Each structure stands twice: as structure tokens, then as C-alpha cells.
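Chain by chain, the residues:
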Amino acid sequence: VPETFETRRENVRLNSLVDPKTLAPVRFESYLKRHWWIHESLITFDLPQKSSIHELPNNRVVIVPIGPTTQDGLSMIYYARTMPFQLGKTVPLEISADGKNWALNGTVMQAGIIRIGNAGYWPAVEGEVELAYPVPFFHGANARVWFSADQERIPLLAKIGSRIGPVTVVLTRRSMDVNRK
């Protein structure tokens, strides 16, 4: 699920590869640049060994034990689709980032109709997660994600507050073909 966006002199690229059948994370790459400061990292998930290998700045490599539901920051959105959507219910989530695991809570906030650009109006369920792990620019922010209110629970829209300004990601194309550009 590659997402790239630029704001002023900031550049952020996040790429998450998940197994489409199990929704298990496979690989997560991040590149964050603000003026002269750069943060690059790569996480490779080794599920048979129950670990994630974090390649961090300054050539640091950290191996972190993971549980069966540990995700990266983007694949967590797809994993959340498999959880029960009950209004007001909070569900535990675990993210592997920056050389360790972080416990987060996701809460189902409300259901309603939202407009998604030219795609029209969609019945949707809104969830919120506090980004309480130290991801650059986003630490302490709240992420709100709207999923379609059908059986597919497609992530339609995400809004994240950050230190560099608000970030909005909108579904523009859906494909199960990993070779399609």
C-alpha cells in the first residue's frame, strides 16, 4: 500500500507490503525528510521466527519479538478491518516501529455517510487510533480512518494530525494486482 505525499519541504514515503490472504505484514519501508533531517527505516517481518528485523538509521539493526497480531503502521489499517465494529468499543492494537513494539488502542467512533471525492457518498464506520509511538512528525497525533460499512470494509479515507500539518489519504484506486502500477 504505497502512499507518497509532499508538503512544503517535507517528503514522506511509506510503503507497506502485506500478504493479501492473511493480512500479515511482510515488509514496511519509511522515508521521512524535513529540510536537512532524514529518517529512513525498513522493517522485515519474519513470521515463522516470530520476529521483526528493523534496519534503522546509522546502520543499526534491531530484532524484535512479535506476536501473531503485530502489524506495521500502515498494515494495521487493513488488519483493523478484520475486527468487530461495535460503536464505542476499544480494541487493542500492536505496532512494530523504531526497534520495538508499541501497544495502541483503536476505538470505533461513529457510523454515517461520507463523501469520497468523485467516488460519491459511502456508508462508513469511523475509527480512531492515538499514535502514541515515536514516529517522526506524527507522535501524539490522532489518526481517524473511515471504512466502508459493508462486508469488505474498504479503507476509504484517513486523516492524521501531525506536527507538519494535517495529512489526508483518500482511496483513489483499488486493486488486488500487485504488479499493477
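Our subject is the structure that appears above.
Residues numbered from 1 in each chain as written. Predicted model: local features only at pLDDT ≥ 70, side-chain atom pairs only at ≥ 80, totals over all residues. Heavy atoms only, no water.

(A) Geometry of the environment of Gln151. Within the secondary structure, Gln151 is located in the loop between strand E11 (142–148) and strand E12 (155–160). Remark: the alpha-carbon pair of Gln151 and Thr82, spanning 69 residues in sequence, is separated by 9.8 Å. (Helix = DSSP H or I, 4+ residues; strand = E, 2+ residues; numbered from the N terminus.)

(B) Highlighting the pattern of salt bridges. Enumeration over the complete set of coordinates arrives at three salt bridges. Salt-bridge contacts for Arg144 lead to Glu126; the nearest nitrogen and oxygen are separated by 2.3 Å. Residue Arg144 is found in strand E11, and its partner Glu126 is found in strand E10 (residues 121–130); the two are separated by 18 residues along the sequence. For Glu126, a relative accessible area of 3% puts it in the buried group. Several salt bridges share partner residues, and in doing so they unite Glu126, Glu128 and Arg144 into one network. (Salt bridge = Lys/Arg side-chain N within 4 Å of Asp/Glu carboxyl O. Buried < 20%, exposed > 50% of the residue type's maximum accessible area, 1.4 Å probe, protein only.)

(C) Broad picture of the pairing of strand E3 (residues 25–34). Judged from the eight bridges that link them, E3 and strand E4 (residues 37–46) form a sheet pairing that is antiparallel. Residue pairing in the sheet places Arg27 in a bridge with Thr44 of E4. Connecting E3 to the next strand, E4, in antiparallel fashion are two residues, including His35 with a positive phi near 55 degrees. (Pairing = 2+ DSSP bridges.)

(D) How the structure looks around the pairing of strand E5 (residues 51–56). Of the strand pairs in this sheet, E4 and E5 are connected by five bridges, and their pairing is antiparallel. Following the sheet pairing, Phe45 is matched in E5 by Ser52. Counting the residues that bridge the hairpin from E5 to strand E6 (residues 60–65) gives three residues, and of these Asn58 lies at a positive phi of roughly 65 degrees.

(E) Broad picture of the sheet that holds E11. Strands sit in the order E7-E8-E9-E10-E11-E12-E13 across an open sheet of seven strands; the sheet is mixed. A single partner strand is all that each edge strand has here, and the edge strands are strand E7 (70–71) and strand E13 (167–170). By the bridge criterion, five bridges tie E11 to E12 in an arrangement that is antiparallel. Residue pairing for E12: Ala143 is matched across the bridge by Ile160.

(F) Here's a closer look at the environment of Pro155. Checked against the element boundaries, Pro155 lands in strand E12. Between the C-alpha atoms of Pro155 and Ala124, which are 31 residues apart in sequence, the distance is 9.2 Å.

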